[in-house]
Amino acid sequence: MKIQIIGPKEDPVFQDIRNIFLKAIHELQVDATIDEVTRLEDIQQYPVAVYPAIVIDGQLMCEGHTITLELAKKCILEKLEKNGKM
């Protein structure tokens, strides 16, 4: 599983979201990587209107607000179910 956090690294919630997803991956024992998409040139490649945004395996899962641990887990589990890995 590939989780991408998209947005300016200076955003105060950016690192919070990263840490929340790291914790969710650990608690769910999921094999996943987290990529930070922070360069403007790279950010513009995604159809995202508001930042920060979360993309999991190419699908936009969340954008424009902070995320809780429970919501992060829900996003991961939803994507695993769609991919038939649960």
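Our subject is the structure listed above.
Residues numbered from 1 in each chain as written. Predicted model: local features only at pLDDT ≥ 70, side-chain atom pairs only at ≥ 80, totals over all residues. Heavy atoms only, no water.

Caption draft 1: Spatial organisation of the environment of Gly84. By the secondary structure assignment, Gly84 is in the segment after helix 3 (69-82). Distance from Gly84 to Phe14, taken between C-alpha atoms, is 29 Å for residues 70 residues apart in sequence. (Helix = DSSP H or I, 4+ residues; strand = E, 2+ residues; numbered from the N terminus.)

Caption draft 2: Main features of helix 3. An ideal rise of 1.5 Å per residue puts 20 Å on 14 residues; helix 3 measures up with 20 Å between its terminal C-alpha atoms. Note on helix 3: the residue one or two positions beyond its end, Gly84, has a positive phi of about 70°. (Expected span 1.5 Å × (residues − 1).)

Caption draft 3: Seen up close, the environment of Val13. Of note, Val13 is situated in the loop between strand 1 (2-6) and helix 1 (14-28). Here Val13 falls in the buried class, since its relative accessible area comes to 18%. C-alpha separation for the pair Val13 and Lys82, spaced 69 residues apart in sequence, amounts to 28 Å. With near-sequence residues (within four places) excluded, Val13 lies in contact with Pro52 and Thr66. (Buried < 20%, exposed > 50% of the residue type's maximum accessible area, 1.4 Å probe, protein only. Contact = heavy atoms within 4.5 Å.)

Caption draft 4: Up close: the packing of helix 1 against helix 3. Packing of helix 1 against helix 3 brings their axes to within 9 Å, and their N-to-C directions diverge by 60°. Viewed along their axes, helix 1 and helix 3 adopt a mutual orientation that is oblique. As helix 1 packs across helix 3, the resulting crossing turns out to be right-handed. On helix 3, the residues touching Ile20, Phe21, Lys23, Ala24, Ile25, Glu27 and Leu28 of helix 1 are Leu69, Ala72, Lys73, Ile76 and Leu77. Here the contact of helix 1 with helix 3 is composed, by residue class, of 9 nonpolar, no polar and 3 charged. (Axes fitted to C-alpha atoms, helices over the stretch in contact; angles between N-to-C directions. Parallel < 35°, antiparallel > 145°, perpendicular 65-115°, else oblique. Left-handed = near helix turned anticlockwise from the far one by under 90°. Nonpolar A, V, L, I, M, F, W, Y, C, P; charged D, E, K, R; others polar.)

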